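Architecture at a glance
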Amino acid sequence: MLIRQDPKSAWPTGLDLRRRIAIHARPDHRADFRVGLTADVDGRVELYHRLAPGFTELVVLGQTTSETQMRETERDLRQWYRDDFDSPHFGVVGADGPPPYYLYVALR
């Protein structure tokens, strides 16, 4: 799986977050995507290799050491994409360890 860094270094919030996800996960370009938060990018890539091998790219959108900021982003993502949770091809995966936390989009 290719790991790519989005060029912006600031943690995206609000409308900027939605736009940055949309840039990478446009329906006309990707069959499906997952948005996630993790404390271990390499570990998350390995998890995708084992459990969802069709994913080919992981784009890191931001990094933060703030658990509050990470939890607010997780809450926002769940709210924005709540209608998509019934789909087996979409999900928001929470962070899995101590900071720093990384926000990513995994793409097929």
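You'll find the structure just up there.
Residues numbered from 1 in each chain as written. Predicted model: local features only at pLDDT ≥ 70, side-chain atom pairs only at ≥ 80, totals over all residues. Heavy atoms only, no water.

Let us now look at the nonpolar core. Counting 16 residues, the largest nonpolar core has I21, F33, V35, L77, L103 and V105 as its most contacted members. The element contributing the most residues to this core is strand β5 (residues 101–107), with four residues. One finds F55, L58, V60 and Y104 within the second-largest nonpolar core, a separate group that totals ten residues. (Core = buried A, V, L, I, M, F, W, Y, C linked by side-chain atoms within 4.5 Å. Buried < 20%, exposed > 50% of the residue type's maximum accessible area, 1.4 Å probe, protein only. Helix = DSSP H or I, 4+ residues; strand = E, 2+ residues; numbered from the N terminus.)

One face of the sheet, then the other: side chains in a regular strand alternate in exactly this way. Burial runs high along strand β2 (residues 33–38): six of the six residues are buried. Covered by surrounding structure in β2 are F33, V35 and L37 together with R34, G36 and T38, the residues of both alternating faces. With six bridges joining them, β2 and β5 adopt antiparallel strand pairing. By the bridge assignment, R34 is partnered in β5 with A106. (Pairing = 2+ DSSP bridges.)

What follows is about helix α2 (residues 41–51). Among all positions of α2, only V41, R44, V45 and Y48 are buried. Buried residues of α2, seen end-on, are gathered within an arc of 105 degrees and therefore sit on one face of the element. Turned more than 90 degrees away from the buried face of α2 sit D42, R50 and L51, all of them exposed. One side-chain oxygen at the N-terminal end of α2 lies 3.4 Å from the backbone nitrogen of D42; it belongs to D40. (Arc of directions from axis to C-beta. Polar contact = N/O pair within 3.5 Å; in protein donor to acceptor, adjacent residues only side chain to side chain.)

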